[in-house]
Amino acid sequence: MSVTDIVIRTSIAADIESLMALMIELQEFEQQFTERAVADREFAAWYIERLLRVIDENDGLLLVATLNGAPCGFAAGFPDQEPELRDRYFLIAELVVTQGQRGRGIGRRLMLAMEDAARARGLKRMGIGVLAGSDRVHRLYTALGYRDYAISLRKELPS
C-alpha cells in the first residue's frame, strides 16, 4: 500500500459500522493512557451518534480515509468558539487510523484535508487535543506545525 492508494472522502451513512469499529480501536489504543477509555460497541454507537450530531449542528465535517474502498481511518471536526480570544477556530474532535495502517501517512493526509476544510470556512487557526503520554501522536501534530497551547488537568475525587 502506498499513500496514493488512500482516498479521502466525506463520510456517508453506510460508514456508520466502520466508524464505530474505528472508535473501538481508538478506545483500545487510548486504554494505555487512561483507564477511563471504554472500548465497546455500546460506547462507540453512543459516541458516533453524538459526534455526528455535533458536526451537523456546527457546520462540521467527518472525513473518511479508505483503502480499496474500505474505511481505514477518519477525522472529525467543526468550528468552535475561543472566548478568551473572541475568535473562532477549527477543532479536530477525533482522528483515528486503524492499527494496521498507522505510520503510513494516513493521519497526516486526514489532518491536511481538515486544514483545507477550515480554510474553506474562512478560519485561520486549528486545534486538536492529545492524551498525555501519547508521544507518537503528539509528534505527528508537532511535525504538522501544531504547538502545545494548554494543559488540561484531571483529578479523580474520592467517594
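Asker: Tell me about the packing of aromatic side chains, residues and numbers included.
Answerer: Under the counting rule described, the total for this entry stands at five aromatic pairs. Relative to phenylalanine 33, the ring of phenylalanine 29 has its centre 5.4 Å away and its plane inclined at 70°; by these criteria the two rings are edge-to-face. We classify phenylalanine 33 as partly exposed; its relative accessible area is 25%. An angle of 45° between the planes, with centres 5.8 Å apart, marks the rings of phenylalanine 43 and tryptophan 46 as tilted. Of this pair, phenylalanine 43 and tryptophan 46 are both found in helix H2 (residues 41–57), three residues apart, which corresponds to roughly one turn of the helix. What links up through ring pairs into an aromatic cluster is the set Phe43, Trp46 and Tyr47. Note that arginine 102 overlies the ring of phenylalanine 29, its terminal NZ or CZ placed 4.9 Å from the centroid.

Rules behind the numbers
- Residues numbered from 1 in each chain as written.
- Predicted model: local features only at pLDDT ≥ 70, side-chain atom pairs only at ≥ 80, totals over all residues.
- Heavy atoms only, no water.
- Phe/Tyr/Trp six-rings, centres within 6.5 Å; stacked < 30°, edge-to-face > 60°.
- Buried < 20%, exposed > 50% of the residue type's maximum accessible area, 1.4 Å probe, protein only.
- Helix = DSSP H or I, 4+ residues; strand = E, 2+ residues; numbered from the N terminus.
- Lys NZ or Arg CZ within 6 Å of the ring centre and 35° of its normal.

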